[in-house]
Amino acid sequence: MDALYPRLLVTRFAACFRFYDAVLPELLGAVRQKGDECGPYANWDVADQAVLVLYDRAALADAIGTGELPPPAPPAQDAQDAAMLVSRVADVDAALAFCLENGGTLVTPATDRPEWGPTLRSAHLRDPEGRLIELQSY
């Protein structure tokens, strides 16, 4: 049985798929179990446990009967960043460069953060839909 894992509802499925399909194997050793960039669903596992699922937002809306509702207004910054994905990596600088090469957008460069932990280093970026991601090492 899988533990709790994120299922990201996305509107730009192909772009998000290409990003996560490139970075999850490299950063986490994740293996894609199902799906391709045509969607509407894709999932990646580590050691037979789900770590991330992408699901096309319109496909879910159709499945649960909300397909004819108008799309929600774009979220305010506070709401947009109500959650983020965090990944511990061996080398924050290298992981950040790899993510940016594969479609991520820089938020903050790799920075030592002794106030968070004596050896903590982190960087922040956004996936192709603007979702906040933190890369960290400590």
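Throughout, residues of each chain are indexed from 1 in the direction in which the sequence is written. Residue-level local features of this predicted model are given only where pLDDT is at least 70; pairs of side-chain atoms are given and counted only at 80 or more, and the full residue set underlies all totals for whole chains, interfaces and linings. Where side-chain values are given, they derive from all heavy atoms of the structure, hydrogens and water being excluded.

K.L.:
How would you summarise the overall build of the protein if you had to cite specific residues and measurements?
P.N.:
Numbering goes from the N terminus for both helices and strands, where a helix is a DSSP run of H or I of at least four residues and a strand is a run of E of at least two. Of regular secondary structure, the protein possesses 4 helices and 8 strands. Accessibility here uses a 1.4 Å probe with only protein chains present; expressed as a share of the type maximum, an area under 20% marks a residue as buried, one over 50% as exposed, and anything in between as partly exposed. Put simply, the protein has 138 residues, and 36% of those count as buried. Residue contacts are defined here by distance: any two heavy atoms, one from each residue, within 4.5 Å place the two residues in contact. Once local pairs closer than 6 in sequence are excluded, the contacts in the protein between residues at least 24 apart make up 52%. Surface summary for the protein: the accessible area is close to 8,000 Å², and the carbon and sulfur share equals 56%. Per-residue and other accessible areas were derived by the Shrake-Rupley procedure at a 1.4 Å probe size, with only the shown protein chains allowed to occlude residues.

K.L.:
Explain the pairing of strand E8 (residues 132–137) to me, using residue names and the numbers behind them.
P.N.:
With 6 of 6 residues buried, E8 lies mostly within the body of the structure. In E8, alternate side chains face the same way, and those of Leu132, Glu134 and Gln136 on one face and Ile133, Leu135 and Ser137 on the other are all buried. As defined by bridge partners, strand E5 (residues 85–88) adjoins E8 across 4 bridges and the pair is classed as parallel. Bridge pairing in E8 places valine 86 opposite glutamate 134. Here, a strand pair is defined by DSSP locating no fewer than two bridges between the strands. Both strand E7 (residues 121–126) and E8 contribute to a ladder of 6 bridges, which runs antiparallel. Within E8, the residue paired with serine 122 across the bridge is glutamine 136. As consecutive antiparallel partners, E7 and E8 are separated by 5 residues, and within that stretch glycine 130 has a phi angle of approximately 95°, a positive value.

K.L.:
Now, about the sheet that holds strand E4 (residues 49–56): what can you tell me, with residues and values included?
P.N.:
By definition, the strands of a sheet pair up through backbone hydrogen bonds, in either a parallel or an antiparallel sense. One open sheet holds the 4 strands; their spatial order is E1-E4-E3-E2, and the pairing between them is mixed. The strands lining the two open edges of the sheet, one partner per strand, are strand E1 (7–10) and strand E2 (31–34). With direction set aside, neighbouring strand axes in the sheet form an average angle of 25°. In this structure, strand E3 (residues 41–46) lies alongside E4, joined through 6 bridges in antiparallel fashion. Bridge pairing in E4 links aspartate 45 to alanine 50. Contacting E1 and E4, helix H2 (residues 57–64) runs over the sheet at an angle of about 85° to E4. Helix axes are fitted to C-alpha atoms over the stretch in contact, other axes to C-alpha atoms as well, and angles between N-to-C directions run from 0 to 180 degrees.

K.L.:
Now, about the packing of aromatic side chains: what can you tell me, with residues and values included?
P.N.:
Stacked, edge-to-face and tilted are the three classes for Phe, Tyr and Trp ring pairs, Trp counted by its six-membered ring, which pair at centre distances within 6.5 Å; planes under 30 degrees apart are stacked, over 60 edge-to-face, the rest tilted. Inspection of every chain in the model, using the stated rule, returns 4 aromatic pairs. Judged by centre distance (4.9 Å) and plane angle (80°), the ring pair of phenylalanine 19 and tyrosine 20 falls under edge-to-face. Taken as a pair, phenylalanine 19 and tyrosine 20 share a single burial class, namely buried. Through pairs of rings, three or more aromatic residues link up here, namely Phe13, Phe17 and Trp44. Ring-over charges, as used throughout, are those where CZ of Arg or NZ of Lys falls within 6 Å of the ring centre and within 35 degrees of the ring normal. Between arginine 7 and the ring centre of tyrosine 55, over which it is positioned, the NZ or CZ distance is 5.9 Å.

K.L.:
Go over the pattern of salt bridges with me, naming the residues and quoting the values.
P.N.:
When their charged atoms lie close together, side chains carrying opposite charge are able to pair. One side-chain nitrogen of Lys or Arg within 4 Å of one carboxyl oxygen of Asp or Glu is enough to make a salt bridge. Under the definition given, this model contains 5 salt bridges. Close ionic contact of glutamate 37 with arginine 18 constitutes a salt bridge, the shortest N to O distance being 2.9 Å. Here the residue glutamate 37 occupies a position in the loop between E2 and E3, and arginine 18 occupies one in helix H1 (residues 13–28), the gap between them amounting to 19 residues. Overall, arginine 18 belongs to the partly exposed group, its relative accessible area being 44%.

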